[in-house]
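Spelled out, the chains give:
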Amino acid sequence: MINYQDVLNGIYQEVMAMKDRGVPASYIPELANVDINNFALHLKMNSGETYGVGQSTTTFSVQSITKVLALALAASIDNNDILERLDVEPSGHPFNQLALLEVENGIPRNPFINSGAIVISDIIVSAFKNPKQEFLNYVRDITGDNSIDYDLKVAKSEKETGYRNYAAAHLLKSFGNLKNEVNDVLDFYFVQCSLSMTCEQISNAFYMFANRGKCISNVTRLTEQKVKRINAIMLTCGFYDEAGEFAFEVGLPGKSGVGGGIVALLPEHFVISVWSPGLNSRGNSKLGMYALEQFTTKTQLSIF
Ligand SMILES: N[C@@H](CCC(=O)O)C(=O)O
């Protein structure tokens, strides 16, 4: 029997002794001020037990991790055209790269690079009168936690400096792949990214991807086919231009965000979330990647 708390404690001790902790994202000014000594790890087993170390109940900016939840919400809206407006191939490029979008006629490579997530935002903006509230309600509902909220300071900070996202949205619009106005879509997108959650809340939100579409309250929120597909996109596209490295080192579907969070899961078994705000050169949490590699190596629990 694996003693999961011991495994987590061992990883925690190791990472807390590490000096090179990466660098926090600075292109969103509000994120540059976060203390890189923060570290949290939270494990939620499908069988019900939970384990945590560090600040697993401290909130942080989850950023691109929300792209998976936005995709899940968009996929649960009937009669939408996700598969015509987006591809599902890894981009092999940074999340905010624009060149491929131009060459490929405004069809983003996948829903987890920024241009793809902006198309998903457009679908959500079209579907709801109050998309921000609707997305927040969705996240609160799948986690059973009404304390989850946006951090509007972070959203404002990104809105003031999100030049590349404006460029991507205008490019999408020029190709006819944005139905709403650029400002309306980005206003939603920046607020969506500013969602503030703890590692524990993230594990709870992603439980449905490890549990055949049934969320924490046992209500089915996604079909098994959609869960299969979204998990596949997490595995192939969840880590910017480091998805291959994450599959190689960790071996789980997952998603990272520039706030330093990473969530990963083993279907039918567990969800694990980590937060360490210092990023590596590819924009993934440096110690978060290391912690998850250690977890799957020590427990021998990965999809491979
Ligand atoms: N809001 C961030 C999200 C980036 C990320 O976490 O990958 C952006 O659009 O640049």
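Residue positions are given per chain, counted from 1 along the sequence in the order it is written. Since the coordinates come from a predicted model, pLDDT governs what is reported: local features require at least 70, and pairs of side-chain atoms require 80 or more to be given and counted, while whole-chain, interface and lining totals use all residues. Only heavy atoms go into the side-chain values, all of them from the structure, while hydrogens and water stay out.

With an unreviewed UniProt entry as reference, the protein chain is termed Glutaminase, source organism Hyunsoonleella pacifica. Under Catalytic activity (unreviewed entry), UniProt gives the following word-for-word description of the protein chain: "L-glutamine + H2O = L-glutamate + NH4(+)". UniProt positions are given in the numbering used here, feature names are shortened, and annotations may be inferred rather than shown by experiment.

What follows covers the packing of helix α6 (residues 114–127) against helix α10 (residues 182–193). Axis angles are defined between N-to-C directions and span 0 to 180 degrees, where every axis is a line fitted to C-alpha atoms and, for a helix, only to the segment in contact. The numbering of helices and of strands both runs from the N terminus, where a helix is a DSSP run of H or I of at least 4 residues and a strand a run of E of at least 2. At their nearest, the axes of α6 and α10 sit 9 Å apart, and the two run at 110° to each other. With respect to α10, the axis of α6 lies roughly perpendicular. Packed against α6, whose contacting residues are Asn114, Ala117, Ile118, Ser121, Asp122, Ile124 and Val125, the element α10 presents Asp184, Val185, Leu186, Phe188, Tyr189 and Gln192 at the interface. Each residue is assigned to one of three groups, with Ala, Val, Leu, Ile, Met, Phe, Trp, Tyr, Cys and Pro labelled nonpolar, Asp, Glu, Lys and Arg labelled charged, and all others, Gly among them, labelled polar. Split by residue class, the contact of α6 with α10 holds eight nonpolar, three polar and two charged. Angular relationships are summarised with four words: roughly parallel below 35 degrees, roughly antiparallel beyond 145, roughly perpendicular across 65 to 115, and oblique for the angles in between. Residue contacts are defined here by distance: any two heavy atoms, one from each residue, within 4.5 Å place the two residues in contact.

Position of Tyr4 among the secondary structure elements: in helix α1 (residues 4–16). Exposed residues in this analysis have more than 50% of their type's maximum accessible area, buried residues have under 20%, and partly exposed residues fall in between, with area computed by a 1.4 Å probe over protein chains only. Residue classification places Tyr4 among the buried positions, given a relative accessible area of 13%. Taking the C-alpha atoms as reference points, Tyr4 and Glu49, separated by 45 residues in sequence, lie 9.8 Å from one another. Those residues within four positions of Tyr4 in sequence are excluded, and the remaining contacts are Leu43, Met45, Tyr51, Phe295, Thr299 and Leu301.

Taken together, Tyr27, Gln63, Ser64, Phe95, Asn114, Glu158, Asn165, Tyr189, Cys193, Tyr240, Gly257 and Val258 form the complete shell of residues around the ligand. Polar contacts here mean pairs of N or O atoms no more than 3.5 Å apart (in protein, one a potential hydrogen donor and the other a potential acceptor; neighbouring residues in sequence count only if both atoms are side-chain atoms). A distance of 3.0 Å separates an oxygen atom of the ligand from a polar side-chain atom of Asn114. Expressed as a share of its isolated accessible area of 290 Å², the protein-covered part of the ligand is 100%. Any residue with a non-hydrogen atom lying within 4 Å of a molecule or strand is treated as near it. Only the protein chains shown count as cover for residues, and all accessible areas are computed by the Shrake-Rupley method using a 1.4 Å probe.

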